[in-house]
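# Notes for the structure review
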Amino acid sequence: MMQVSKEWLDTFNPEKPIDVVARYEIHHISNVDTVRQTFECDFAVEVSWEALEDDFKKNTPKNGDIDWESLWNPRLVCRNASTLKSFESYYRVSKTLSQPLQKGNYNHNPEGNTWLSCRIEVSGIFTVKMSLKEFPFDEQNLRIIMRSMWRHDWIRFRPHPKEGYKSIINMQYASSLSNEFDIDPIPDLHFELKECEKHVGSTRSWSKERGGLVKHNNGECAVCTKVDKWPFPNHTDSRHAGSGKSYPLAPLSISIIRKGSYYLWNVVFPAFLITTASAVSMVTNPEDPKELLDQRMSITLTLLLTLVAVKFVVANDIPNVSYLTWLDTYILWGFVVITLVVVQNVIASLVSDSLRGVVDKIGLIAFAVLWIGSHILAFLIYFPKRRTRKLGGERYVVTDFGTSTDVEITPI
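Residues numbered from 1 in each chain as written. Predicted model: local features only at pLDDT ≥ 70, side-chain atom pairs only at ≥ 80, totals over all residues. Heavy atoms only, no water.

Turning our attention to a nonpolar patch on the surface. On the surface, a nonpolar cluster with roughly 610 Å² of combined accessible area is contributed by Ile372, Ile376, Leu377, Phe379, Leu380 and Ile381. Checked against the element boundaries, Ile372 lands in helix H6 (residues 353-387). (Patch = residues over 30% accessible without salt bridge, like charges linked within 9 Å, V, L, I, M, F, W, Y side chains within 5 Å. Areas by Shrake-Rupley, 256 points an atom, 1.4 Å probe, with all protein chains shown as cover. Salt bridge = Lys/Arg side-chain N within 4 Å of Asp/Glu carboxyl O. Helix = DSSP H or I, 4+ residues; strand = E, 2+ residues; numbered from the N terminus.)

If you want it as C-alpha cells, here you go:
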C-alpha cells in the first residue's frame, strides 16, 4: 500500500473532502478461473491530487528534490487482491492537472495550484464473484477495487477532467484471453462524483442503510444516482468494519463476454446428437415381438448413460453453484427427453401389434415437438439477444477480438 508518515496519521483531519483524480491502464489480463472465481491482471493506476500547500513547501527544498515519503497521499490498497506479486509507486508533479482546465461548465484548478500524481504498477491475482446462470454464454465483470485508507468523508474519487484521459485496456497485450473471451476496450469506473460542475460545492446526505447520496443546494443532481443503482458501492459499508468507519473506493469494472463455441461443439452438440439418437429406438421393430422391449431399452439406456458421462465431464469446468447454469439446464432437458422415450418404449411393448404403430407415431411427433421445437425456440428467442453486446458505449454485433472503438485515448 501507499505509505505516509506517522505525523499525517495523527494530524490529518481536513475541513472538506480532498478530490483525488484516478484512472487505470490495464496491461494484461489472463487466467480467468471460473471455478476459483479469480483472474490475474497487470495494471497501472494513476491517482492525482492537489498538493497541500504548506506540506508541499515544507518538503520541497531549494534544489527541487521533493521528499515524497513525507508528503500526503491517498494511501491506496488493493481491496480484492488475493495475491499481490508487485505494488510499486512512482511519484511526480502532474503538469496536466497543475494547469487550469475548462470542460463545459466545469472549471478545474482555476488558480493553477500544483497537483501531484502517483503511478502505481500492480500485478497480482484478484477475486471476483461470477454469475454463471448463462454459462457458457455468460458476461462477467472483472473488478479491480482500489481503496483509500483515509475515511470516506476525507477524500473522494473523481474521473480525469481532460478529454482523452480515460481508463483503457491495452488490447494489444491483453490478447491472451482472445480464444475464450471478448473484452470491452473501455472499462467502467464507478466513482462517487460524476462529471458535473456543481459537485464543487456539493454537500453530502447519507441514508442510514445505504449511504452515498450526493445532493446540491438546489436539490438532487440529475447526473447523480443512488449507490444501490450502481453495479457495486463506491465506499465500504461501515456496518462491516470493526472501527465503524467507511472508506472510499475507486472500483474498475472490465466487461468480458465468453465465447461459447468450445462448449457448443464439445458439449452441447454431442449432447444434442445423443438425445436425438434416442428417437431411433421408437422405430426399432425386431422380428420377434418378445425382444421389442429389450432392443429398444438397450439403445435408450446406453444413450442415457452416455449423456451422464457428458454431465460429469462438464462438472469439472464450472464451480459447485446452488443454481442451474444454462448448460446444466440443457443437459437436464436431454435427460428428461430420453426418460420420456424410455416411457414410450415401455408403453409400446405393452400394447397390441395393431396399436404399436400409432404409439410410435405419437412418440415421434411428441419427441419432435419437445426436443427439436425447444431448439428452434431457443434459437429464435435466446441467441439473438446474446449476439449483441454493449461494449465501448455502443451496441454492435460481436464478431472477433479485434473490435475497436472511435474513442481517442491518451495512455498513462
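A cluster of like negative charges, contributed by Glu287, Asp288, Glu291 and Asp294, occupies part of the molecular surface. Position of Glu291 among the secondary structure elements: in the loop between helix H3 (261-277) and helix H4 (292-315). Given a relative accessible area of 38%, Glu291 falls into the partly exposed group. (Lys, Arg positive; Asp, Glu negative; His and termini not counted. Charge placed at Lys NZ, Arg CZ, Asp CG, Glu CD. Buried < 20%, exposed > 50% of the residue type's maximum accessible area, 1.4 Å probe, protein only.)

Here we come to the packing of H3 against H4. For the pair H3 and H4, interaxial distance at closest approach is 9 Å and the crossing angle is 165°. Taken as axis vectors, H3 and H4 run roughly antiparallel relative to one another. As for the relative orientation of H3 and H4, their crossing is left-handed in sense. Judged by residue contacts, Val267, Ala271, Ile274, Thr275 and Ala277 of H3 engage Leu303, Thr306, Leu307, Val310 and Val314 from H4. Within the contact of H3 with H4, the residues separate by chemical class into 8 nonpolar, 2 polar and no charged. (Axes fitted to C-alpha atoms, helices over the stretch in contact; angles between N-to-C directions. Parallel < 35°, antiparallel > 145°, perpendicular 65-115°, else oblique. Left-handed = near helix turned anticlockwise from the far one by under 90°. Contact = heavy atoms within 4.5 Å. Nonpolar A, V, L, I, M, F, W, Y, C, P; charged D, E, K, R; others polar.)

Core analysis: the largest hydrophobic core is formed by 72 residues, its most contacted members being Phe43 and Ile254. Looking at this core, the element that brings in the most residues is helix H5 (residues 326-350), giving 8 residues. Filtering out sequence-adjacent residues up to four positions away, Phe43 remains in contact with Tyr24, Glu25, Ile26, His27, Cys78, Ile120, Glu121, Val122, Phe126, Ile144 and Met146. (Core = buried A, V, L, I, M, F, W, Y, C linked by side-chain atoms within 4.5 Å.)

Low pLDDT means the predicted atomic positions in that stretch should not be read closely. In the predicted model, the chain carries a mean pLDDT of 78, and 75% of its residues have values of at least 70. Within the chain, no element has a lower average pLDDT than strand E13 (residues 203-205), which sits at 35, and none a higher one than strand E7 (residues 115-127), at 94. Note that residues 193-232 has pLDDT below 50 and, in this model, 78 contacts with residues that lie over four places away or in other chains. With pLDDT under 50 throughout, residues 389-412 is counted as low confidence; its partners more than four residues away or in other chains account for 53 contacts. (pLDDT = per-residue confidence, 0-100.)

A complete count under the given rule lists 18 aromatic pairs for this structure. Ring centres of Trp72 and Trp150 lie 6.2 Å apart, and the angle between their planes is 15°; on these two criteria the pair is classed as stacked. Pair noted here: Trp72 is in the loop between helix H2 (53-58) and strand E3 (76-78) and Trp150 is in the loop between strand E8 (139-148) and strand E9 (155-158), with a separation of 78 residues, a long-range link. Each member of the pair, Trp72 together with Trp150, is buried. Within the aromatic cluster, the residues linked to one another by ring pairs are Trp8, Phe12, Trp49, Trp72, Trp150 and Trp154. Above the plane of the ring of Trp150 lies Arg75, whose end atom (NZ or CZ) is 4.6 Å from the centre. (Phe/Tyr/Trp six-rings, centres within 6.5 Å; stacked < 30°, edge-to-face > 60°. Lys NZ or Arg CZ within 6 Å of the ring centre and 35° of its normal.)

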